[in-house]
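Results of the structural survey
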Amino acid sequence: MFFRQFYDQGLAQASYLIGCQATGEAIVVDPLRDCAPYLEAAAAEGLRITQVTETHIHADFVSGARELAAATGATLLLSAEGGDDWQYRYAAADGATLLHDGDTIVVGNIRLDVMHTPGHTPEHLAFVVTDTPRAAGPMGILTGDFVFVGDVGRPDLLERAAGVANTMEAGARTLFHSLSRFRALPDHLQVWPGHGAGSACGKALGAVPSSTVGYEKLSNWGVAETDAARFVASVLEGQPEPPRYFAEMKRINRDGPPVLGQLAPLPAVSPVDAYRRAAACWMIDLRPVAEAGLGLLPGALSIPFSKAFSTYVGTLVPYDVDVLLLAPLGAGEAGATAVGTVPSVVRQAQHALSLIGMDRVVGWIDVEAAAAHWQTQGATLQPIQTVSVGALASMAAEAVTVIDVRGASEWAAGHLPQAQHIPLGALADAVVTLPTGPIVVQCQSGARSAIAASLLARLGRADVTSLAGGYVAWRAAQR
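This text gives an overview of the structure that appears in the document. None of the values given here were measured: they were computed from a predicted structure.

**Comments concerning the overall build of the protein chain**
For the protein chain, the count of helices and strands is 18 helices and 23 strands. The C-alpha atoms of the protein chain give 24 Å as radius of gyration, which agrees with the globular expectation for 479 residues (23 Å, within 12%). Its C-alpha atoms put the protein chain at 75 × 55 × 40 Å along the principal axes. Scored against the burial criterion, the 479 residues of the protein chain give a buried share of 52%. Taking as baseline every contact in the protein chain between residues at least 6 positions apart, the subset at least 24 positions apart corresponds to 67%.

**As for unusual backbone geometry**
Positive phi is not limited to glycine here, since Ala 12 has a value of about 50°. The residue Ala 12 is located in the loop between strand E1 (2-8) and strand E2 (13-19) in this model. By relative accessible area, Ala 12 is classed as buried at 3%. Located in the positive-phi region is Asn 166, a residue other than glycine, with phi close to 60°.

**Observations regarding the layout of surface pockets**
Of the volumes computed, that of the second largest pocket is approximately 380 Å³. Along its surface, the second largest pocket is lined by 20 residues, and Asp 34, Gly 261, Gln 262, Leu 263 and His 351 are the ones closest to its centre. The element contributing the most residues to the lining of the second largest pocket is helix H12 (residues 344-354), with four residues. Here the lining of the second largest pocket is built from residues that sort into 11 nonpolar, five polar and four charged.

**With respect to the sheet that holds strand E13 (residues 281-285)**
Across the sheet, which stays open at both edges, the four strands sit in the order E15-E13-E16-E17 with parallel pairing between neighbours. Strands with a single pairing partner mark the edges of an open sheet, and in this sheet they are strand E15 (301-302) and strand E17 (361-366). Relative to E15, E13 runs parallel, the two sharing two bridges. In the strand pairing of E15, Asp 285 is matched with Ser 302.

**Some details on the packing of helix H11 (residues 309-316) against H12**
Two numbers describe how H11 lies on H12: the axes approach to 9 Å, and their chain directions differ by 60°. By the angle between their axes, H11 is oblique relative to H12. Between H11 and H12 the crossing geometry is right-handed. Contact residues: H11 offers Phe 309, Ser 310 and Val 313, while H12 offers Ala 349, Ala 352 and Leu 353. Residue composition of the contact of H11 with H12, by class: five nonpolar, one polar and no charged.

**What to know about the pairing of strand E23 (residues 464-467)**
Pairing geometry for strand E19 (residues 386-387) and E23, over two bridges, is parallel. Of the residues in E23, the one forming a bridge with Val 387 is Leu 467. Pairing geometry for strand E22 (residues 439-442) and E23, over three bridges, is parallel. Residue pairing across strands places Val 440 opposite Thr 465, the latter belonging to E23. Following the backbone out of E22, through helix H17 (residues 447-458) and into the adjacent parallel E23, one traces a crossover that is right-handed.

**Topic: the sheet that holds strand E6 (residues 97-99)**
Overall, mixed pairing links the six strands, which are arranged E1-E2-E3-E4-E5-E6 in an open sheet. Single-partner strands in this sheet number two, and they are E1 and E6. Taken pair by pair, the neighbouring strands of this sheet meet at an average axis angle of 25°, ignoring direction. The sheet contact formed by strand E5 (residues 75-79) and E6 spans three bridges and is parallel. If you follow Leu 78 over to E6, its bridge partner there is Leu 98. Packing against the sheet, helix H2 (residues 65-72) makes contact with strand E3 (25-29), strand E4 (48-53) and E5, and its axis sits at approximately 155° to E4.

**Considering the environment of Thr 436**
If you trace the backbone, Thr 436 turns up in the loop between helix H16 (427-430) and E22. Taking the C-alpha atoms as reference points, Thr 436 and Tyr 275, separated by 161 residues in sequence, lie 30 Å from one another.

**Notes on the pairing of strand E16 (residues 322-327)**
Looking along a regular strand, one sees the side chains alternate between the two faces of the sheet. Taken across its six residues, E16 has five buried, putting it largely inside the fold. Strand direction decides the pairing type here: E13 and E16, joined by five bridges, are parallel. Bridging from a neighbouring strand, Cys 281 pairs with Asp 322 of E16. In terms of strand pairing, E16 meets E17 through five bridges, oriented parallel. Following the sheet pairing, Leu 325 is matched in E17 by Trp 364.

Reading the values: rules and limits
Residues numbered from 1 in each chain as written. Predicted model: local features only at pLDDT ≥ 70, side-chain atom pairs only at ≥ 80, totals over all residues. Heavy atoms only, no water. Helix = DSSP H or I, 4+ residues; strand = E, 2+ residues; numbered from the N terminus. Rg over C-alpha atoms; globule rule 2.2 N^0.38 Å. Buried < 20%, exposed > 50% of the residue type's maximum accessible area, 1.4 Å probe, protein only. Contact = heavy atoms within 4.5 Å. 1 Å grid on protein atoms, 1.4 Å probe; cavity = no way out; pocket = protein on both sides within 12 Å on 5 of 7 lines; lining within 4 Å. Points joined across faces, edges and corners; volume = space filled by probe spheres on them. Nonpolar A, V, L, I, M, F, W, Y, C, P; charged D, E, K, R; others polar. Pairing = 2+ DSSP bridges. Axes fitted to C-alpha atoms, helices over the stretch in contact; angles between N-to-C directions. Parallel < 35°, antiparallel > 145°, perpendicular 65-115°, else oblique. Left-handed = near helix turned anticlockwise from the far one by under 90°. Right-handed = clockwise from strand over helix to strand, strands pointing away.

Spelled out as C-alpha coordinates, the structure:
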(Lines give C-alpha, C1' and ligand atoms only; values in the text may rest on other atoms or scores of the structure.)
Protein backbone atom coordinates (compact mmCIF):
# COMPACT_ATOMS: atom_id res chain seq x y z
CA MET A 1 0.00 0.00 0.00
CA PHE A 2 1.20 3.48 -0.91
CA PHE A 3 -0.02 6.41 1.18
CA ARG A 4 0.71 10.12 0.94
CA GLN A 5 -0.85 13.16 2.57
CA PHE A 6 -0.85 16.47 0.68
CA TYR A 7 -1.22 19.58 2.82
CA ASP A 8 -2.02 23.11 1.69
CA GLN A 9 -0.83 25.68 4.24
CA GLY A 10 -3.09 28.48 3.06
CA LEU A 11 -6.26 26.42 3.41
CA ALA A 12 -4.93 24.22 6.24
CA GLN A 13 -6.35 21.38 4.15
CA ALA A 14 -5.25 17.77 3.77
CA SER A 15 -5.92 15.42 0.86
CA TYR A 16 -4.72 11.87 0.34
CA LEU A 17 -3.36 9.59 -2.37
CA ILE A 18 -3.70 5.88 -1.56
CA GLY A 19 -2.46 3.25 -3.99
CA CYS A 20 -2.08 -0.47 -4.37
CA GLN A 21 1.49 -1.11 -5.48
CA ALA A 22 0.63 -4.63 -6.61
CA THR A 23 -2.00 -3.55 -9.18
CA GLY A 24 -0.96 0.06 -9.78
CA GLU A 25 -4.42 1.44 -8.97
CA ALA A 26 -4.89 4.50 -6.77
CA ILE A 27 -7.59 6.68 -5.25
CA VAL A 28 -7.43 10.35 -4.24
CA VAL A 29 -9.56 11.59 -1.35
CA ASP A 30 -10.59 15.27 -0.97
CA PRO A 31 -8.38 16.65 -3.76
CA LEU A 32 -7.83 20.35 -4.33
CA ARG A 33 -8.56 21.89 -7.70
CA ASP A 34 -4.87 21.87 -8.70
CA CYS A 35 -4.37 18.31 -9.96
CA ALA A 36 -0.64 18.54 -10.64
CA PRO A 37 0.64 17.30 -7.25
CA TYR A 38 -1.50 14.14 -7.39
CA LEU A 39 -0.63 13.40 -11.00
CA GLU A 40 3.08 13.90 -10.38
CA ALA A 41 3.12 11.75 -7.23
CA ALA A 42 1.16 8.95 -8.88
CA ALA A 43 3.44 8.95 -11.92
CA ALA A 44 6.55 8.89 -9.73
CA GLU A 45 5.22 5.80 -7.93
CA GLY A 46 4.04 4.02 -11.07
CA LEU A 47 0.39 4.40 -10.07
CA ARG A 48 -2.65 5.35 -12.13
CA ILE A 49 -5.48 7.24 -10.46
CA THR A 50 -8.56 5.12 -11.08
CA GLN A 51 -10.94 6.58 -8.49
CA VAL A 52 -11.57 9.98 -6.91
CA THR A 53 -13.76 10.67 -3.90
CA GLU A 54 -14.43 13.19 -1.18
CA THR A 55 -15.84 13.17 2.30
CA HIS A 56 -18.49 15.88 1.83
CA ILE A 57 -19.57 19.01 -0.04
CA HIS A 58 -16.77 21.34 1.01
CA ALA A 59 -17.32 24.93 2.15
CA ASP A 60 -13.77 26.27 2.31
CA PHE A 61 -12.30 25.39 -1.09
CA VAL A 62 -13.35 24.31 -4.56
CA SER A 63 -13.32 20.53 -4.76
CA GLY A 64 -10.86 19.05 -7.22
CA ALA A 65 -12.72 15.74 -7.52
CA ARG A 66 -14.40 16.66 -10.78
CA GLU A 67 -11.20 18.23 -12.14
CA LEU A 68 -9.09 15.16 -11.33
CA ALA A 69 -11.67 12.73 -12.73
CA ALA A 70 -11.71 14.70 -15.99
CA ALA A 71 -7.89 14.70 -16.16
CA THR A 72 -7.48 10.97 -15.51
CA GLY A 73 -10.71 9.28 -16.55
CA ALA A 74 -11.06 8.05 -12.99
CA THR A 75 -14.40 6.99 -11.56
CA LEU A 76 -15.98 9.70 -9.46
CA LEU A 77 -17.39 8.49 -6.13
CA LEU A 78 -19.77 10.83 -4.27
CA SER A 79 -21.96 10.64 -1.19
CA ALA A 80 -25.61 9.76 -1.70
CA GLU A 81 -26.41 10.35 1.98
CA GLY A 82 -27.98 13.40 3.60
CA GLY A 83 -31.36 13.52 1.87
CA ASP A 84 -32.56 15.29 -1.26
CA ASP A 85 -31.23 18.72 -0.22
CA TRP A 86 -27.67 17.42 0.08
CA GLN A 87 -27.13 15.60 -3.19
CA TYR A 88 -24.43 16.43 -5.71
CA ARG A 89 -26.38 17.94 -8.58
CA TYR A 90 -23.73 17.06 -11.17
CA ALA A 91 -23.36 13.41 -10.13
CA ALA A 92 -25.62 11.94 -12.80
CA ALA A 93 -24.19 14.04 -15.64
CA ASP A 94 -20.66 12.99 -14.69
CA GLY A 95 -21.57 9.32 -14.31
CA ALA A 96 -20.57 9.31 -10.66
CA THR A 97 -20.98 6.24 -8.47
CA LEU A 98 -23.05 7.12 -5.41
CA LEU A 99 -21.92 5.98 -1.99
CA HIS A 100 -24.05 4.86 0.96
CA ASP A 101 -23.23 3.87 4.51
CA GLY A 102 -21.76 0.37 4.51
CA ASP A 103 -20.54 0.45 0.91
CA THR A 104 -17.05 -0.70 0.02
CA ILE A 105 -14.55 0.93 -2.35
CA VAL A 106 -11.95 -1.48 -3.75
CA VAL A 107 -8.64 -0.09 -5.02
CA GLY A 108 -6.57 -3.10 -6.04
CA ASN A 109 -5.88 -4.84 -2.74
CA ILE A 110 -6.92 -1.81 -0.67
CA ARG A 111 -10.43 -1.58 0.77
CA LEU A 112 -12.18 1.59 1.95
CA ASP A 113 -15.32 0.97 4.01
CA VAL A 114 -17.82 3.83 3.83
CA MET A 115 -19.17 5.28 7.09
CA HIS A 116 -21.93 7.90 7.06
CA THR A 117 -20.83 10.41 9.72
CA PRO A 118 -23.29 13.34 9.60
CA GLY A 119 -23.21 16.37 11.83
CA HIS A 120 -20.70 18.69 10.23
CA THR A 121 -22.84 18.28 7.11
CA PRO A 122 -25.74 15.86 6.49
CA GLU A 123 -24.01 13.95 3.67
CA HIS A 124 -20.58 13.58 5.34
CA LEU A 125 -18.70 10.30 4.90
CA ALA A 126 -15.59 8.83 6.49
CA PHE A 127 -13.53 5.99 5.02
CA VAL A 128 -12.00 3.12 7.03
CA VAL A 129 -8.89 1.90 5.19
CA THR A 130 -7.71 -1.72 5.14
CA ASP A 131 -4.61 -3.09 3.42
CA THR A 132 -6.13 -6.54 2.78
CA PRO A 133 -2.93 -8.54 2.09
CA ARG A 134 -1.76 -7.72 5.62
CA ALA A 135 -4.79 -9.59 7.01
CA ALA A 136 -4.53 -7.50 10.17
CA GLY A 137 -7.80 -5.60 9.85
CA PRO A 138 -8.26 -1.88 9.23
CA MET A 139 -5.31 0.42 9.74
CA GLY A 140 -6.80 3.93 9.64
CA ILE A 141 -9.74 6.20 8.99
CA LEU A 142 -9.99 9.21 6.69
CA THR A 143 -12.21 11.46 8.79
CA GLY A 144 -12.58 14.54 6.59
CA ASP A 145 -14.24 17.25 8.68
CA PHE A 146 -15.78 14.80 11.14
CA VAL A 147 -12.91 14.33 13.60
CA PHE A 148 -9.74 16.41 13.62
CA VAL A 149 -6.65 16.10 15.78
CA GLY A 150 -7.89 17.61 19.06
CA ASP A 151 -11.28 18.80 17.80
CA VAL A 152 -14.44 17.82 15.93
CA GLY A 153 -16.13 19.32 12.92
CA ARG A 154 -18.32 22.34 13.52
CA PRO A 155 -22.04 21.76 12.97
CA ASP A 156 -22.98 25.43 12.61
CA LEU A 157 -21.65 26.20 9.12
CA LEU A 158 -24.90 25.30 7.37
CA GLU A 159 -26.66 28.01 9.30
CA ARG A 160 -23.94 30.61 9.75
CA ALA A 161 -22.30 30.31 6.33
CA ALA A 162 -24.84 28.73 3.99
CA GLY A 163 -27.93 30.38 5.51
CA VAL A 164 -29.84 27.15 6.24
CA ALA A 165 -31.89 28.28 9.23
CA ASN A 166 -32.36 26.31 12.45
CA THR A 167 -29.76 23.64 11.70
CA MET A 168 -27.03 24.32 14.27
CA GLU A 169 -28.42 22.48 17.26
CA ALA A 170 -29.82 19.62 15.18
CA GLY A 171 -26.42 19.24 13.51
CA ALA A 172 -24.68 19.24 16.87
CA ARG A 173 -26.95 16.47 18.17
CA THR A 174 -26.39 14.46 15.00
CA LEU A 175 -22.62 14.93 15.32
CA PHE A 176 -22.78 13.68 18.91
CA HIS A 177 -24.43 10.45 17.77
CA SER A 178 -21.94 10.03 14.90
CA LEU A 179 -19.09 10.25 17.39
CA SER A 180 -20.39 7.13 19.14
CA ARG A 181 -19.46 5.20 16.00
CA PHE A 182 -15.98 6.72 16.10
CA ARG A 183 -15.51 5.70 19.74
CA ALA A 184 -16.41 2.12 18.82
CA LEU A 185 -13.49 1.85 16.40
CA PRO A 186 -10.27 0.06 17.45
CA ASP A 187 -7.86 2.30 19.33
CA HIS A 188 -4.93 1.52 17.04
CA LEU A 189 -6.56 3.00 13.92
CA GLN A 190 -4.72 6.01 12.57
CA VAL A 191 -6.79 9.16 12.14
CA TRP A 192 -6.18 11.10 8.92
CA PRO A 193 -8.19 14.35 9.10
CA GLY A 194 -9.20 16.79 6.38
CA HIS A 195 -7.87 19.93 8.09
CA GLY A 196 -5.28 21.16 10.54
CA ALA A 197 -4.59 24.21 12.66
CA GLY A 198 -5.71 27.46 11.07
CA SER A 199 -8.82 26.08 9.38
CA ALA A 200 -12.16 27.76 10.08
CA CYS A 201 -13.83 24.32 10.00
CA GLY A 202 -13.30 24.01 13.77
CA LYS A 203 -12.18 26.10 16.72
CA ALA A 204 -9.21 24.21 18.21
CA LEU A 205 -7.66 22.05 15.51
CA GLY A 206 -4.27 20.57 16.26
CA ALA A 207 -1.19 21.18 14.14
CA VAL A 208 -0.15 17.50 14.23
CA PRO A 209 -0.93 15.92 10.83
CA SER A 210 -2.41 12.66 12.14
CA SER A 211 -3.37 10.83 15.30
CA THR A 212 -5.02 7.59 16.44
CA VAL A 213 -8.54 6.76 17.54
CA GLY A 214 -7.25 5.81 20.98
CA TYR A 215 -5.37 9.06 21.45
CA GLU A 216 -8.36 11.12 20.34
CA LYS A 217 -10.54 9.29 22.87
CA LEU A 218 -8.15 10.53 25.55
CA SER A 219 -7.29 14.01 24.32
CA ASN A 220 -10.06 15.26 22.03
CA TRP A 221 -12.70 17.09 24.05
CA GLY A 222 -15.45 16.32 21.52
CA VAL A 223 -14.73 12.61 21.33
CA ALA A 224 -14.39 12.35 25.11
CA GLU A 225 -17.65 14.20 25.92
CA THR A 226 -20.44 11.67 26.54
CA ASP A 227 -23.15 14.03 27.78
CA ALA A 228 -25.26 15.16 24.82
CA ALA A 229 -26.41 18.48 26.30
CA ARG A 230 -22.90 19.49 27.33
CA PHE A 231 -21.56 18.49 23.92
CA VAL A 232 -24.14 20.55 22.03
CA ALA A 233 -23.45 23.63 24.14
CA SER A 234 -19.66 23.25 23.89
CA VAL A 235 -19.43 22.54 20.16
CA LEU A 236 -21.50 25.61 19.30
CA GLU A 237 -19.68 27.95 21.67
CA GLY A 238 -16.76 30.05 20.47
CA GLN A 239 -16.74 28.95 16.83
CA PRO A 240 -14.93 31.49 14.61
CA GLU A 241 -16.86 33.56 12.09
CA PRO A 242 -16.94 31.62 8.82
CA PRO A 243 -15.46 33.54 5.88
CA ARG A 244 -18.19 34.87 3.63
CA TYR A 245 -17.02 32.89 0.65
CA PHE A 246 -18.00 29.62 2.36
CA ALA A 247 -21.59 29.98 1.11
CA GLU A 248 -20.29 30.40 -2.45
CA MET A 249 -18.14 27.28 -2.09
CA LYS A 250 -21.12 25.19 -0.98
CA ARG A 251 -23.06 26.22 -4.08
CA ILE A 252 -20.14 25.66 -6.46
CA ASN A 253 -19.27 22.25 -5.02
CA ARG A 254 -22.90 21.11 -4.95
CA ASP A 255 -23.64 22.18 -8.52
CA GLY A 256 -20.29 21.15 -10.02
CA PRO A 257 -17.12 23.24 -10.25
CA PRO A 258 -16.05 24.24 -13.76
CA VAL A 259 -13.22 22.07 -15.06
CA LEU A 260 -10.30 24.43 -15.62
CA GLY A 261 -7.54 22.24 -16.93
CA GLN A 262 -4.18 23.99 -16.60
CA LEU A 263 -4.26 27.46 -15.04
CA ALA A 264 -3.23 29.96 -17.73
CA PRO A 265 -0.67 32.65 -16.79
CA LEU A 266 -2.24 36.00 -16.01
CA PRO A 267 -1.79 38.65 -18.69
CA ALA A 268 -0.13 41.93 -17.83
CA VAL A 269 -2.50 44.90 -17.99
CA SER A 270 -1.09 48.23 -19.10
CA PRO A 271 -1.37 51.21 -16.73
CA VAL A 272 -3.55 53.02 -19.28
CA ASP A 273 -5.95 50.09 -19.56
CA ALA A 274 -5.92 49.53 -15.79
CA TYR A 275 -6.80 53.18 -15.17
CA ARG A 276 -9.72 52.89 -17.60
CA ARG A 277 -11.02 49.70 -15.95
CA ALA A 278 -10.34 50.62 -12.31
CA ALA A 279 -13.86 51.77 -11.45
CA ALA A 280 -15.42 48.54 -12.72
CA CYS A 281 -13.16 46.05 -10.97
CA TRP A 282 -11.42 45.34 -7.67
CA MET A 283 -7.67 45.96 -7.51
CA ILE A 284 -5.77 44.00 -4.88
CA ASP A 285 -2.34 45.28 -3.91
CA LEU A 286 -0.14 42.32 -2.92
CA ARG A 287 2.60 44.47 -1.34
CA PRO A 288 2.96 45.02 2.42
CA VAL A 289 1.78 48.59 1.91
CA ALA A 290 1.22 49.58 5.54
CA GLU A 291 4.40 47.94 6.78
CA ALA A 292 6.56 49.60 4.12
CA GLY A 293 4.84 52.99 4.28
CA LEU A 294 3.86 52.77 0.60
CA GLY A 295 0.94 54.45 -1.12
CA LEU A 296 -2.12 52.72 -2.53
CA LEU A 297 -3.75 53.45 -5.83
CA PRO A 298 -7.16 55.04 -5.19
CA GLY A 299 -9.73 52.28 -4.69
CA ALA A 300 -7.16 49.49 -4.26
CA LEU A 301 -7.53 46.98 -1.47
CA SER A 302 -4.36 46.21 0.47
CA ILE A 303 -4.09 42.45 1.06
CA PRO A 304 -0.42 41.42 1.21
CA PHE A 305 0.13 37.85 0.05
CA SER A 306 0.29 35.47 3.02
CA LYS A 307 -1.15 32.15 4.19
CA ALA A 308 -4.45 33.89 4.90
CA PHE A 309 -4.59 35.72 1.55
CA SER A 310 -7.39 33.71 -0.03
CA THR A 311 -9.46 33.88 3.15
CA TYR A 312 -9.26 37.68 3.25
CA VAL A 313 -10.03 38.04 -0.45
CA GLY A 314 -12.89 35.55 -0.28
CA THR A 315 -14.31 37.41 2.70
CA LEU A 316 -14.17 40.89 1.19
CA VAL A 317 -14.30 40.68 -2.60
CA PRO A 318 -17.50 39.70 -4.44
CA TYR A 319 -17.38 36.72 -6.79
CA ASP A 320 -19.20 38.52 -9.60
CA VAL A 321 -16.54 41.16 -10.29
CA ASP A 322 -13.27 41.26 -12.23
CA VAL A 323 -10.10 41.31 -10.12
CA LEU A 324 -6.72 42.86 -10.96
CA LEU A 325 -3.62 41.99 -8.94
CA LEU A 326 -1.03 44.70 -8.25
CA ALA A 327 2.63 43.90 -7.67
CA PRO A 328 6.02 45.38 -8.56
CA LEU A 329 7.58 43.70 -11.56
CA GLY A 330 10.13 41.13 -10.44
CA ALA A 331 9.95 42.08 -6.76
CA GLY A 332 12.24 39.80 -4.80
CA GLU A 333 13.14 37.73 -7.86
CA ALA A 334 16.62 37.68 -9.33
CA GLY A 335 16.50 37.97 -13.09
CA ALA A 336 12.72 38.49 -13.15
CA THR A 337 12.58 42.00 -14.51
CA ALA A 338 12.17 41.23 -18.19
CA VAL A 339 9.06 42.45 -19.97
CA GLY A 340 6.41 39.73 -19.92
CA THR A 341 7.60 38.11 -16.70
CA VAL A 342 4.84 37.37 -14.21
CA PRO A 343 6.15 37.93 -10.66
CA SER A 344 6.05 34.84 -8.47
CA VAL A 345 3.80 36.58 -5.94
CA VAL A 346 1.23 37.12 -8.69
CA ARG A 347 1.39 33.46 -9.73
CA GLN A 348 1.00 32.36 -6.11
CA ALA A 349 -1.92 34.72 -5.56
CA GLN A 350 -3.68 33.56 -8.74
CA HIS A 351 -3.22 29.94 -7.69
CA ALA A 352 -4.54 30.60 -4.17
CA LEU A 353 -7.63 32.35 -5.53
CA SER A 354 -8.33 29.57 -8.02
CA LEU A 355 -8.53 27.14 -5.10
CA ILE A 356 -11.51 29.06 -3.72
CA GLY A 357 -13.17 29.45 -7.11
CA MET A 358 -12.33 33.09 -7.68
CA ASP A 359 -11.89 32.69 -11.42
CA ARG A 360 -12.44 36.29 -12.54
CA VAL A 361 -8.85 37.32 -11.91
CA VAL A 362 -8.30 38.96 -15.28
CA GLY A 363 -4.75 40.25 -15.08
CA TRP A 364 -1.96 41.85 -13.12
CA ILE A 365 -0.44 45.33 -13.09
CA ASP A 366 3.09 46.53 -12.50
CA VAL A 367 2.09 48.72 -9.57
CA GLU A 368 5.00 51.14 -9.91
CA ALA A 369 4.20 51.87 -13.56
CA ALA A 370 0.51 52.15 -12.66
CA ALA A 371 1.28 54.63 -9.86
CA ALA A 372 3.24 56.82 -12.27
CA HIS A 373 0.34 56.84 -14.74
CA TRP A 374 -2.25 57.54 -12.05
CA GLN A 375 -0.25 60.56 -10.94
CA THR A 376 -0.20 61.95 -14.49
CA GLN A 377 -4.00 61.83 -14.30
CA GLY A 378 -3.98 63.95 -11.14
CA ALA A 379 -4.54 61.08 -8.70
CA THR A 380 -2.61 60.95 -5.44
CA LEU A 381 -1.41 57.74 -3.83
CA GLN A 382 -3.02 56.97 -0.49
CA PRO A 383 -0.78 55.56 2.25
CA ILE A 384 -2.43 53.69 5.11
CA GLN A 385 -2.11 56.05 8.04
CA THR A 386 -1.32 54.63 11.47
CA VAL A 387 -1.75 55.94 14.98
CA SER A 388 0.16 54.82 18.06
CA VAL A 389 -1.44 53.56 21.24
CA GLY A 390 -0.15 56.63 23.03
CA ALA A 391 -1.63 58.99 20.45
CA LEU A 392 -4.97 57.19 20.60
CA ALA A 393 -5.03 57.51 24.39
CA SER A 394 -4.65 61.28 24.09
CA MET A 395 -7.69 61.58 21.83
CA ALA A 396 -11.01 62.43 23.40
CA ALA A 397 -13.33 59.41 23.31
CA GLU A 398 -16.10 61.38 21.64
CA ALA A 399 -13.75 62.68 18.94
CA VAL A 400 -12.87 59.30 17.39
CA THR A 401 -14.65 56.02 16.65
CA VAL A 402 -12.56 52.91 17.40
CA ILE A 403 -13.57 49.79 15.48
CA ASP A 404 -12.26 46.35 16.47
CA VAL A 405 -12.28 44.12 13.37
CA ARG A 406 -11.21 40.90 15.11
CA GLY A 407 -13.32 37.78 15.52
CA ALA A 408 -15.89 37.26 18.27
CA SER A 409 -13.68 34.98 20.37
CA GLU A 410 -10.82 37.50 20.25
CA TRP A 411 -13.20 40.29 21.26
CA ALA A 412 -14.59 38.20 24.12
CA ALA A 413 -11.07 37.57 25.42
CA GLY A 414 -10.49 41.32 25.87
CA HIS A 415 -10.84 44.58 23.99
CA LEU A 416 -10.26 48.31 24.17
CA PRO A 417 -12.93 49.83 26.41
CA GLN A 418 -14.01 52.43 23.84
CA ALA A 419 -14.02 50.06 20.86
CA GLN A 420 -17.01 49.03 18.76
CA HIS A 421 -16.92 45.42 17.51
CA ILE A 422 -17.41 44.93 13.76
CA PRO A 423 -15.61 41.82 12.40
CA LEU A 424 -13.67 42.43 9.20
CA GLY A 425 -16.13 40.48 7.08
CA ALA A 426 -19.07 42.62 8.25
CA LEU A 427 -17.35 45.98 7.81
CA ALA A 428 -18.54 46.73 4.26
CA ASP A 429 -22.18 46.23 5.25
CA ALA A 430 -21.76 48.33 8.39
CA VAL A 431 -20.05 51.32 6.77
CA VAL A 432 -23.31 53.21 6.25
CA THR A 433 -24.00 53.04 10.00
CA LEU A 434 -20.65 54.49 11.06
CA PRO A 435 -20.64 58.01 12.48
CA THR A 436 -18.94 60.87 10.72
CA GLY A 437 -15.54 61.91 11.98
CA PRO A 438 -12.22 60.14 12.45
CA ILE A 439 -12.13 56.32 12.63
CA VAL A 440 -9.38 54.15 14.10
CA VAL A 441 -9.51 50.49 13.06
CA GLN A 442 -7.83 47.94 15.28
CA CYS A 443 -7.13 44.20 15.22
CA GLN A 444 -4.80 41.90 17.17
CA SER A 445 -1.46 43.08 15.79
CA GLY A 446 -2.16 45.41 12.88
CA ALA A 447 -2.44 43.23 9.76
CA ARG A 448 -6.23 43.03 9.52
CA SER A 449 -6.72 46.64 10.53
CA ALA A 450 -4.54 47.75 7.61
CA ILE A 451 -6.76 45.72 5.29
CA ALA A 452 -9.82 47.27 6.96
CA ALA A 453 -8.41 50.78 6.52
CA SER A 454 -7.93 50.23 2.79
CA LEU A 455 -11.45 48.81 2.51
CA LEU A 456 -12.98 51.84 4.25
CA ALA A 457 -10.98 54.14 2.00
CA ARG A 458 -12.34 52.28 -1.03
CA LEU A 459 -15.83 52.78 0.38
CA GLY A 460 -15.30 56.52 0.63
CA ARG A 461 -14.02 57.11 4.16
CA ALA A 462 -10.94 59.31 4.04
CA ASP A 463 -10.62 59.80 7.80
CA VAL A 464 -9.38 56.33 8.74
CA THR A 465 -6.21 55.28 10.56
CA SER A 466 -4.95 51.88 11.71
CA LEU A 467 -3.83 51.29 15.29
CA ALA A 468 -0.14 50.36 15.11
CA GLY A 469 0.45 47.06 16.90
CA GLY A 470 -3.25 46.55 17.54
CA TYR A 471 -4.61 45.03 20.72
CA VAL A 472 -1.23 43.50 21.54
CA ALA A 473 0.38 46.95 21.66
CA TRP A 474 -2.53 48.34 23.68
CA ARG A 475 -2.24 45.55 26.26
CA ALA A 476 1.51 46.07 26.53
CA ALA A 477 0.95 49.77 27.21
CA GLN A 478 -1.40 48.94 30.10
CA ARG A 479 1.26 47.03 32.01
